[in-house]
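Take a look at the letters that make up each chain.
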Amino acid sequence: MSSLIYTLVTGASNGIGKALAEDCASRGHHVLLAALPEPKLEEVANELKSRYPQQSFHYLGIDLMKMDSAQEILAWCNQNEFQVDILINNAGLGNSGPFTSLPTEFYQGQMQLNMLSLVSLTHLFLPMLMAKPKAYILNVSSMAGFFDVPYKGIYSASKKFVLSFSRSLNKELESSSVSISVLCPGGVLTNEDVKLRTQQLGLVARKAALQPEKVAKHTIDKMLAGKEIIIPGTLPKIIKLFSSILPYSVRVNMMANQFIKNTK
């Protein structure tokens, strides 16, 4: 059996996932990258191999909206004798718009990706992780997980699920070798579409938005230190604290007014 121990990152070809994979590689980690089977995935893997020739990188093109995708990832690891001590469940899908504007199939896929695949991967890899002297799970939620967000209702509900599941399981595993952290970023400038939406949301959104590389470094630092809830940046923390003292009706109206801008 190979003596190499890997970090496994889902959604690793773009955005936060790519930045997290790159940051782990910069720390000397061997990395497994799982993402949609697109040319970008191979490009990221080859770039990492070129930058860090002494380390090992492998990739798997897979659609985590498929019900059996988590089992396929575990089978791939077992067949290749890849041992994992850090699992980063980053893959996810967002949207903005009226609930009735998208078909049922979209929301089913979104819930499968954001929640069910994350739970399946966590459950399937836990025995391997618990066998390690020290292991970590990082689940990617969102600042939206702290709020009810009209026009992003399924997304915010799915991220609220990730937050609750992660905290509950972390408590269950407190006497084990596995530490669970949950990342709750605000706006992250991952692509041109996100940058445009951030501009539309106004001054506060623009000021709060961060570069994925900065988010990744802060997140991995905190994860390795055993931090349970990770909120990168100062302004998102202030927004969360300020919002907590507002009446619910005011909070939900603010969210509705904010995110309806992305639907026009």
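Scope of this entry: the structure provided in the associated data block. Small disclaimer: the values here were computed from a predicted structure and weren't measured.

**Considerations on the sheet that holds strand E1 (residues 5–10)**
Read across the open sheet, the seven strands follow the order E3-E2-E1-E4-E5-E6-E7; overall the sheet is parallel. Two strands bound the open sheet, and with one partner strand each, they are strand E3 (57–61) and strand E7 (229–230). Both strand E6 (residues 178–183) and E7 contribute to a ladder of two bridges, which runs parallel. Of the residues in E7, the one forming a bridge with Leu 183 is Ile 230. The strands touched by helix H5 (residues 153–172) within the sheet are strand E5 (135–140), E6 and E7, with E6 carrying the most contacts at an inclination of about 155°.

**With respect to the pairing of strand E2 (residues 30–35)**
In terms of burial, E2 is a largely internal element, six of the six residues being buried. A two-sided burial pattern is seen for E2, the buried positions comprising His 30, Leu 32 and Ala 34 on one face and Val 31, Leu 33 and Ala 35 on the other. When E1 meets E2, the two strands line up parallel, connected through five bridges. For Val 9, the partnering residue across the bridge sits in E2 and is Leu 33. For the crossover that starts at E1, traverses helix H1 (residues 15–26) and ends in the parallel E2, the hand is right-handed.

**Section: the pattern of salt bridges**
Considering all chains together, one arrives at nine salt bridges under this definition. We note a salt bridge from Arg 27 to Asp 221, for which the minimum N-O separation is 2.8 Å. One end of the pair, Arg 27, is in the loop between H1 and E2; the other, Asp 221, is in helix H8 (residues 212–224), with 194 residues separating them in the sequence. Glu 72 is the partner of Lys 66 in a salt bridge, and the nearest nitrogen-oxygen pair spans 3.4 Å. In this structure Glu 72 comes out as partly exposed when scored by relative accessible area, which is 31%. Three or more residues are tied together by salt bridges with common partners; here these are Asp 23, Arg 27, Lys 217 and Asp 221.

What counts and what doesn't
- Residues numbered from 1 in each chain as written.
- Predicted model: local features only at pLDDT ≥ 70, side-chain atom pairs only at ≥ 80, totals over all residues.
- Heavy atoms only, no water.
- Pairing = 2+ DSSP bridges.
- Helix = DSSP H or I, 4+ residues; strand = E, 2+ residues; numbered from the N terminus.
- Contact = heavy atoms within 4.5 Å.
- Axes fitted to C-alpha atoms, helices over the stretch in contact; angles between N-to-C directions.
- Buried < 20%, exposed > 50% of the residue type's maximum accessible area, 1.4 Å probe, protein only.
- Right-handed = clockwise from strand over helix to strand, strands pointing away.
- Salt bridge = Lys/Arg side-chain N within 4 Å of Asp/Glu carboxyl O.

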